[in-house]
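Structural characterization, general
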Amino acid sequence: MELFNLKETTERVSFSQAVKQGLGKNQGLFFPAELPTFDDIDALLAMPLAERSSEILHRLIGDEIPKARLAELVTNAFNFPAPLAEVEDNVYCLELFHGPTLAFKDFGGRFMAQCLSELAKGEKITILTATSGDTGAAVAHAFYGLDDIQVVILYPKGKISLLQEKLFTTLGGNIHTIAIEGDFDQCQQLVKTTFDDEQARTGLHLNSANSINISRLLAQICYYFEAVAQLQNRENLVVSVPSGNFGNLTAGMFAKVLGLPIQGFVASTNLNDTVPRYLRSGQWQPKPTVATLSNAMDVSQPNNWPRIEALFEQGYLDRGILQSDAIDEEYTQVAMRQLAQLGYVSEPHAAVAYKALKRHLEPGQTGIFLGTAHPAKFRDTVENVLGQPISLPQELAECAGKEGLSLTLANDYQQLKATLFELVGK
Ligand SMILES: *Cc1c(COP(=O)(O)O)cnc(C)c1O
């Protein structure tokens, strides 16, 4: 697989290089030089999840990982299901939260960890990533205990739920966590600054593991196929994606390019609505990030957007396939209650996607919204809004009682850099 840097288009890399490097020169994102269209979609849809996913990923990645080995990596990574739950007539939730950290980021995180340990072949690597909640947990669990890989996770102090925090700050070992006195965009900026610092990048053998890594995106393509595979009626399908950094939506749009029959997408955001405003006005005008109930989507400068722009600009997709809506706090709660009345307990991120889907779904269309987290990960909010108790699954109950091991740092690059060299630079 050949990829190029969207900012420095002459920089061309293999899949292996793109996975190990994360970002290209000048913070550019890697993008496939060529995206195929499959002509055997029905045959693919008839396969079981792991087998189909290996086949799709093999076609995309090519021979850089031998096919049989890739199948093993996929089997290790995707060891949990992605069921489609019908919530009302013609409306389904794709439940992506049955992995070890109960969020969809387990798909990308686990496949990336498998790829990296396969491709690094004993080189030392430091994963540096910023999280607004769930990436951290998924990355931490996916890499925990892997030889030669150290993980450092930055997150905005006090801005993610305590349970969410416990899920990745209690592991120890090769997992280091730092609470930054700032918001998620500032954490993300610190990560970018570190990657731009040649001394830090080489001295620490840096690698990024947030949604910009191409291996994560490729992994996420697979569950869109799994969703369609479970549908009887595959006509006029609209998929609503609760979006923050827009990696999830990018993967869905890649799936459409590959030939998966999806008619259109709804990019669903909370009050951090840079993309809905952009699609209406043509002006890219990020505002300061605001805190919402769906905090994993509290992102005002979504870092995957240039890839979506590239899909349009390179003629892979027409702009008309993408609709967009921002759902405010009030309507997020309304949607959670409406879903509960339908007998489906959900959390704020999925509720945002459901509400936006319902605003756009037309008669004769089938809608899928993505359930990106288990309701128990947002227990306080869910219990407050629905007025009913929900129980903790075992994964959460176990770490809830453990002590968090994070350091706290100011939003200050020099301090962070010194700390990174102390933690992993030896
Ligand atoms: C990360 C996350 C999102 C947003 O996904 P992106 O790929 O960043 O757009 C939505 N919901 C939950 C629960 C998340 O953790």
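Reading guide: rules and limits
Each chain carries its own residue numbering, running from 1 in the written order of its sequence. Reporting of local features is limited, given that this is a predicted model, to residues whose pLDDT is at least 70; pairs of side-chain atoms are given and counted only at 80 or more, and all residues count toward the totals for whole chains, interfaces and linings. Side-chain figures throughout are based on the complete set of non-hydrogen atoms in the structure, without hydrogens or water. A run of H or I in DSSP counts as a helix once it spans at least four residues, and a run of E counts as a strand once it spans at least two, with each numbered from the N terminus. Using C-alpha atoms as the atom set, the radius of gyration is obtained and then compared with a globule rule of 2.2 Å times the number of residues to the power 0.38. Here's how the labels work: a residue is buried when its accessible area is under 20% of the maximum for its type, exposed when over 50%, partly exposed in between, all with a 1.4 Å probe on protein chains only. Working rule for contacts: check all heavy atoms of both residues, and any pair within 4.5 Å makes them a contact. Note that accessible areas follow from Shrake-Rupley with a 1.4 Å probe, and for residues the cover is restricted to the protein chains shown. By the counting rule applied here, Lys and Arg register as positive and Asp and Glu as negative, while His and the ends of each chain are not counted. A single reference atom marks each charge: NZ on Lys, CZ on Arg, CG on Asp, CD on Glu. Only the stretch in contact is used when fitting a helix axis, every axis being a line fitted to C-alpha atoms; angles between N-to-C directions are given from 0 to 180 degrees. Each angle gets one of four labels, with under 35 degrees taken as roughly parallel, over 145 as roughly antiparallel, 65 to 115 as roughly perpendicular, and the rest as oblique. Each crossing is labelled by how the near helix is turned from the far one, with a counterclockwise turn of less than a right angle marking it left-handed and a clockwise turn marking it right-handed. Amino acids are sorted into nonpolar (Ala, Val, Leu, Ile, Met, Phe, Trp, Tyr, Cys and Pro), charged (Asp, Glu, Lys and Arg) and polar (every other residue, Gly among them). Note: two strands are recorded as paired if DSSP finds a minimum of 2 bridges between them. We define proximity as follows: a residue is near a molecule or strand when any one of its heavy atoms falls within 4 Å of that partner. Pairing of N or O atoms within 3.5 Å defines a polar contact, subject to two protein rules: one partner must be a possible hydrogen donor and the other a possible acceptor, and residues neighboring in sequence count only if both atoms are side-chain atoms. Note on definitions: the grid is 1 Å and covers protein atoms alone; a cavity is a set of points where a 1.4 Å probe fits but cannot get out; a pocket is an open set with protein on both sides within 12 Å along at least five of seven lines; lining residues have an atom within 4 Å of a point. Those molecules having more than half of their atoms within 2 Å of a cavity or pocket grid point set are described as sitting in that cavity or pocket. Grid points are joined across faces, edges and corners, and a volume is the space filled by probe spheres set on the points. UniProt positions are given in the numbering used here, feature names are shortened, and annotations may be inferred rather than shown by experiment.

Thoughts on the overall build of the chain
Helix and strand content of the chain: 18 helices and 14 strands. Computed over C-alpha atoms, the radius of gyration of the chain comes to 20 Å, within 12% of the 22 Å expected from 2.2 N^0.38 for 426 residues, which places it in the range of a compact globule. Along the three orthogonal principal directions, the C-alpha set of the chain runs to about 60 × 50 × 45 Å. For the chain, the residues scored as buried account for 62% of the 426 residues in total. Sequence-distant contacts, at least 24 apart, represent 74% of the contacts inside the chain between residues at least 6 apart. Split by element, the accessible area of the chain, about 16,000 Å² in all, is 46% carbon and sulfur. Computed over 34 positive and 49 negative side-chain charges, the separation of the two mean positions in the chain equals 3 Å.

Re the packing of helix α3 (residues 49-61) against helix α10 (residues 214-229)
Between α3 and α10, the least distance of the axes is 10 Å, while the angle of their chain directions is 135°. Between α3 and α10, the crossing angle belongs to the class labelled oblique. Handedness of the crossing formed by α3 with α10: right-handed. Residues L49, R52, S53, I56, L57, L60 and I61 of α3 touch α10, and the partners they reach there are L218, A219, I221, C222, F225, E226 and A229. Tallied by class, the residues present in the contact of α3 with α10 amount to 11 nonpolar, one polar and two charged.

So, the packing of helix α14 (residues 329-341) against helix α16 (residues 379-386)
Between α14 and α16, whose axes approach to 10 Å, the crossing angle comes to 75°. Judged by the angle between their axes, α14 and α16 are roughly perpendicular. Mapping the contact onto sequence places Q333, M336, R337 and A340 in α14 and T381, V382, V385 and L386 in α16. Looking at side-chain class alone, the contact of α14 with α16 contains five nonpolar, two polar and one charged residues.

A closer look at the sheet that holds strand β11 (residues 264-269)
Pairing is mixed across the open sheet formed by six strands, whose spatial order is β4-β5-β13-β10-β11-β12. One side of each edge strand has no neighbouring strand; the edge strands of this open sheet are β4 (84-88) and β12 (322-326). For this sheet, the mean angle separating the axes of adjacent strands, direction not counted, is 25°. Sheet topology note: the strand β10 (residues 237-242)/strand β13 (residues 366-371) ladder contains four bridges and is parallel. Bridge pairing in β13 places V238 opposite G367.

Notes on the site of the ligand
Taken together, 15 residues form the shell around the ligand, and within it K105, D134, G244, N245 and F246 come nearest. Between the ligand and K105 there is a distance of 2.5 Å, counted from an oxygen atom to a side-chain nitrogen or oxygen. Between T372 and the ligand, the recorded distance is 2.8 Å, taken from a side-chain N or O atom to a nitrogen atom. With the chains in place, 98% of the 380 Å² that the ligand exposes on its own is no longer accessible. Here the ligand occupies the largest cavity. Of the residues belonging to the shell around the ligand, the class tally is six nonpolar, seven polar and two charged.

Remarks on empty space enclosed by the protein
Inspection of every chain in the model, using the stated rule, returns four cavities of 30 Å³ or more. Looking at the largest cavity, its volume works out to about 280 Å³. Those elements that place two or more of their residues in the lining of the largest cavity are α6 (134-143), α10 and α11 (247-258). When residues in the lining of the largest cavity are grouped by element, the largest group, three residues, is from α11. The residue makeup of the lining of the largest cavity, split by class, is 10 nonpolar, 13 polar and three charged.

Some details on the UniProt feature "domain: Threonine synthase N-terminal" (unreviewed entry) in the chain
When the UniProt feature table is mapped to this numbering, "domain: Threonine synthase N-terminal" (unreviewed entry) covers residues 9-78. Its end C-alpha atoms 33 Å apart, residues 9-78 is made of 51% helix and 9% strand.

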